[in-house]
Amino acid sequence: MRALRTHEIGGPETLKLDEIEVPAPGKGEVLVDVKACAINFPDTLMIRDLYQFKPERPYAPGGEIAGVIEAVGEGVEGYKVGDKVMAGIGNGGLSEKVIVPAARMFPVPDGVPYEKAASLLLTYGTTIHGLKDRGHIKAGDTVLILGAAGGVGLSAIELAKAYGARVVAAVSSAAKGEVAKNAGADEVVIYPRDEMDKAASKELAGAFKAACGPEGANIVYDIVGGQYSEPALRSIAWEGRFLVVGFPAGIAKMPLNLTLLKSCDICGVFWGAFTAREPAKFVEQVKELFELMKAGKIDPLVSETFPLERAGEAIAKLESREAVGKLVVTMD
């Protein structure tokens, strides 16, 4: 079988398409014939050894897949050969076949294409955990989302609206603003991609405040980091929750006096660790996502697909912050 693997620390250009043996599932595992693998920001970090987890090389990146069970290992119950499944696996997804622990899998809902099934768990899973467990979202809240046109950002717009919140989407271009509006955003703020000086940072903070309204943002959902975090924090409401989700623009240095002045919280959102520490709660949240999808309240936007041999291009596009919605690698 083919697998696009990392053999050395580096960017997507270092990935190599290898021919490797088909693995056999062990106890509690299944072999999945991968149909689709979504690309996520951790994929860009892992191959550069910049992520929390550093798998032993060589390995294939790709932590979110959908496909068909080809073989079932000892002790697996509730699944059989031919079942359509989806799973978050950390890495290994950019392979034609992959071993998946049965406990990490979910059936693909009826009528959901593989590309969309592969785009649900990490993005919407991160966001439902972030908004509910860390942000304590409630109807009537105002939610400011940085990086609102990416996969995680669009999931935040849809879920925040599903929970009755007002959404301010912050994006880097007018075109991305249209995508955010189509997903349900109430207001859009376009921030500069160039380096901001103090005056520009203050101006952006003013734009965030104007869009959020006089009370400010009850929740800031920060997927971007860098120079955008502080202006967003300055627009937060009294006792607001600033959720740290990711930092493709860099790790921000925050003036902590603002947390005192606003009596606000800065909270980390580490979905991967949450799923390992609280598996039962994770399963319940995935069930809730399925119900929201069935009700038409969430629908992953797959903007582009790539064949396996071009998966490096998808990773590069996400890394450069050019992606809108989800980029998905398909095997057929």
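Just so you know, these numbers come straight off a predicted model, no measurement behind them.

A.B. asks: Sorry, what's going on with the overall build of the protein chain here?
C.D. replies: In terms of helices and strands, the protein chain carries 11 helices and 15 strands. What you see for the protein chain is a C-alpha radius of gyration of 20 Å, in line with the 20 Å of a compact globule of 332 residues. Projected onto the principal axes, the alpha-carbon positions of the protein chain cover approximately 60 × 40 × 35 Å. Relative to its full complement of 332 residues, the protein chain shows a buried share of 53%. Considering only contacts in the protein chain between residues 6 or more positions apart, those separated by 24 or more positions represent 67%. Summing over all exposed atoms, the protein chain offers an accessible surface of approximately 14400 Å²; the carbon and sulfur share of this is 52%. Each charge class in the protein chain was averaged separately, 37 positive and 44 negative side chains, and the resulting centres sit 5 Å apart.

A.B. asks: So what exactly am I meant to see when it comes to the pattern of salt bridges here?
C.D. replies: Pairing between side chains becomes possible if they bear opposite charge and their charged atoms approach one another. Per the stated rule, a full pass over the model turns up 22 salt bridges. Of the charged contacts in the structure, one is a salt bridge between Arg-2 and Glu-96, with a shortest N-O distance of 3.0 Å. In this pair, Arg-2 is assigned in strand E1 (residues 2-5) and Glu-96 in the loop between strand E5 (84-88) and strand E6 (97-101), connecting sequence segments 94 residues apart. Residue Asp-299 is joined to Lys-116 by a salt bridge in which the shortest nitrogen-to-oxygen separation is 3.2 Å. Of this pair, Asp-299 sits in the loop between helix H10 (279-294) and strand E14 (302-307) while Lys-116 sits in helix H2 (residues 114-117), and the two are 183 residues apart along the sequence. Exposure remark for Asp-299: the relative accessible area of 42% places this residue in the partly exposed category. One network of salt bridges, with partners in common, ties together Asp-33, Lys-35, Glu-70, Lys-97 and Asp-332.

A.B. asks: Honestly, the nonpolar core in this entry has me stumped. Any pointers?
C.D. replies: Here is a general trend for soluble globular proteins: nonpolar side chains tend to be buried in one another's company. Of all hydrophobic cores here, the largest spans 49 residues; its most connected members are Met-86, Ile-145, Ile-157 and Leu-159. Elements supplying a minimum of two residues to this core: strand E3 (29-39), helix H3 (121-134), strand E8 (142-146), helix H4 (151-162), strand E9 (166-171), strand E11 (217-222), helix H9 (271-277) and H10. Met-86 has contacts with Ile-65, Ala-66, Arg-104, Met-105, Phe-106, Pro-107, Val-108, Pro-109, Ala-117, Leu-120, Leu-121 and Phe-290, leaving out every residue within four places of it along the chain. In terms of nonpolar packing, the next biggest core, distinct from the first, is built from 35 residues, Leu-4, Val-34, Ile-39 and Tyr-51 among them.

Thresholds applied
- Residues numbered from 1 in each chain as written.
- Predicted model: local features only at pLDDT ≥ 70, side-chain atom pairs only at ≥ 80, totals over all residues.
- Heavy atoms only, no water.
- Helix = DSSP H or I, 4+ residues; strand = E, 2+ residues; numbered from the N terminus.
- Rg over C-alpha atoms; globule rule 2.2 N^0.38 Å.
- Buried < 20%, exposed > 50% of the residue type's maximum accessible area, 1.4 Å probe, protein only.
- Contact = heavy atoms within 4.5 Å.
- Areas by Shrake-Rupley, 256 points an atom, 1.4 Å probe, with all protein chains shown as cover.
- Lys, Arg positive; Asp, Glu negative; His and termini not counted.
- Charge placed at Lys NZ, Arg CZ, Asp CG, Glu CD.
- Salt bridge = Lys/Arg side-chain N within 4 Å of Asp/Glu carboxyl O.
- Core = buried A, V, L, I, M, F, W, Y, C linked by side-chain atoms within 4.5 Å.

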